[in-house]
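# Residue-level structure breakdown
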Amino acid sequence: MSARTVRRRKRTSRLIRRTPLRGVIWIAAVALICVLLRLFVFHLVRIEGGSMEDTLCSGEIALVTSFDYRFGATPARGDIVECRFPGRVDSYVKRVIGLPGETVELREGKTYIDGVPLEEPYVFSIAEDYSIVLGENEYLVLGDNRCESYDSRAEDMGPIGAENILGRVRLCVWPLHGVESK
């Protein structure tokens, strides 16, 4: 065997030994990046039920950004958010209607914030009368389809704190169309 053949075999042997290790490291790095993106940047959520119709319909898949409210920003009225109610395992997609310290009333098919009517072009069903004064860190989240929505008005749900807001729904990725926040 010539010296050239021996060198070639050694080089090939080193590549074979390194290749599986490099592949495992590469796969682990990609997996770590995916987990970090899922936890801190964005994730997808499947819409279940008709509480957000006509804005979002059951079966649609929406992109939720997780970082919006982590760095000092607070939810704004009209934001569509993914949230978790205390004592519940599931997450819900609802619209922020009431902000901390406000008085929210649903009366005669209209929503009032501190006595001022709120323009809600996305609501197409009339809800029962309801009234609440929100605490310091409480948000009232409601579905756009008020008659079919299980939301903050329910006795076993109630208003939620900022820590229960998981992220902001940015757009519907399937089927393709946008999401109106306000």
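My aim in this report is to walk through the structure given alongside it, one point at a time. Quantities reported herein were computed from a predicted structural model and do not represent experimental measurements.

For the rest of this paragraph, the subject is unusual backbone geometry. Across the chain, the bulk of peptide bonds are trans and the bulk of non-glycine residues have phi less than zero. The omega torsion of the bond from glutamate 53 to aspartate 54 falls at 5°, within 30 degrees of zero and hence cis. Mapped onto the fold, aspartate 54 is located in the loop between β1 (42-46) and β2 (61-65). In this chain, tryptophan 174 is followed by proline 175 through a cis amide linkage whose omega measures -15°. Assignment of secondary structure puts proline 175 in the segment after β10 (165-174). Positive phi values are uncommon outside glycine, yet glutamate 108 reaches one of about 55°. With respect to the helices, strands and loops of the structure, glutamate 108 is situated in the loop between β5 (103-107) and β6 (110-113). For glutamate 108, a relative accessible area of 70% corresponds to the exposed category. Its identity as a non-glycine residue notwithstanding, aspartate 114 has a phi of 50°, on the positive side. By the secondary structure assignment, aspartate 114 is in the loop between β6 and β7 (116-118).

Take the pairing of β1 next. Here β1 shows a buried face lined by His43 and Val45 and an unburied face lined by Phe42, Leu44 and Arg46. Two elements, β1 and β2, share 5 bridges in a ladder whose sense is antiparallel. Considered in β2, the bridge of arginine 46 is made with isoleucine 61.

The rules behind the values
Residues numbered from 1 in each chain as written. Predicted model: local features only at pLDDT ≥ 70, side-chain atom pairs only at ≥ 80, totals over all residues. Heavy atoms only, no water. Helix = DSSP H or I, 4+ residues; strand = E, 2+ residues; numbered from the N terminus. Buried < 20%, exposed > 50% of the residue type's maximum accessible area, 1.4 Å probe, protein only. Pairing = 2+ DSSP bridges.

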